[in-house]
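# Residue-level structure breakdown
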Amino acid sequence: MKPLLLHACCAPCSLEPVRLLREEGFEPTICWTNPNIQPHDEWQRRLDELRRWCADGDIELIEAGEDRERWEAGVAPLGADRARRCRACYALRLAEACRVAQERGFEFVGTTLAVSPYQLFDTCNDVLERLAAAHGLTPVIRDFRPYYPEATRRSRELGMYRQNYCGCRFSAVEAAMDRARIRDERKASKK
Ligand code: SF4
């Protein structure tokens, strides 16, 4: 098995990437570095769920550095510009994951972010590719999005905590607005 450092945003999004990467011959070590998640209680809840799942599955978990001040200084000012905001957010987290991978002697690096259809897939991969190259690593880029429904099903079956927004305060507002819009559209279609 080839050791791979897998940046993880949460436990539910790790389920399918870990299964599929193992099928390919990789042995993922999970790396948590998500200073984007707000508020603190939410961050703690997602990390606790990931700790539980890793312990149950005998998966190594590295809790890497998290620079909230850098997130506030470099990502938050991009606010409503989602494309630039998310690129900067991916870069901050994946840079830390690549730093850890390099320091610990990994050759391969990946991220579970690519499982969620909410994420900016091409942007995320572009950021990972650049950072992996800068750290002398090989990025393992896969399209896990078709497995999102299975990840949802399995995480429900396991009784995992499932969040309903990406992580930052901007995404919490965006997700709430999306849900309100969908509710309104449903109501309108029934009239
Ligand atoms: S929406 Fe998600 S990826 Fe984008 S800035 Fe917020 S937490 Fe980061």
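About the criteria used
- Residues numbered from 1 in each chain as written.
- Predicted model: local features only at pLDDT ≥ 70, side-chain atom pairs only at ≥ 80, totals over all residues.
- Heavy atoms only, no water.
- UniProt positions renumbered as here; feature names shortened; annotations may be inferred.
- Helix = DSSP H or I, 4+ residues; strand = E, 2+ residues; numbered from the N terminus.
- Buried < 20%, exposed > 50% of the residue type's maximum accessible area, 1.4 Å probe, protein only.
- Contact = heavy atoms within 4.5 Å.
- Areas by Shrake-Rupley, 256 points an atom, 1.4 Å probe, with all protein chains shown as cover.
- Lys, Arg positive; Asp, Glu negative; His and termini not counted.
- Charge placed at Lys NZ, Arg CZ, Asp CG, Glu CD.
- Near = heavy atom within 4 Å.
- Nonpolar A, V, L, I, M, F, W, Y, C, P; charged D, E, K, R; others polar.

Under an unreviewed UniProt entry, the name given to the protein chain is Epoxyqueuosine reductase QueH, and the organism recorded is Collinsella aerofaciens. In its Function (unreviewed entry) section, the UniProt entry covering the protein chain states "Catalyzes the conversion of epoxyqueuosine (oQ) to queuosine (Q), which is a hypermodified base found in the wobble positions of tRNA(Asp), tRNA(Asn), tRNA(His) and tRNA(Tyr)."

## Here we look at the overall build of the protein chain
A count of helical and extended segments in the protein chain gives seven helices and five strands. Written out in order from the N terminus, the α and β elements of the protein chain read β-α-β-α-β-α-α-β-α-β-α-α. C-alpha atoms of the protein chain, sized along the principal axes, occupy 60 × 40 × 30 Å. Among the 191 residues that make up the protein chain, the fraction classed as buried is 49%. Put simply, of all contacts in the protein chain between residues at least 6 apart along the chain, 74% involve residues at least 24 apart. In the form shown here, the protein chain has an accessible surface area of approximately 9,700 Å², with 51% of it arising from carbon and sulfur atoms. Charge separation in the protein chain, taken as the distance between the mean sites of 31 positive and 30 negative side-chain charges, equals 6 Å.

## Quick notes on the site of the ligand
Near the ligand the following residues occur: Asn 36, Arg 85, Cys 86, Cys 89, Tyr 90, Arg 93, Gln 119, Cys 166, Cys 168 and Ser 171. In terms of residues, the shell around the ligand owes the most to one element, helix α4 (residues 82-103), which gives five residues. For the shell around the ligand, the residue count by class is five nonpolar, three polar and two charged.

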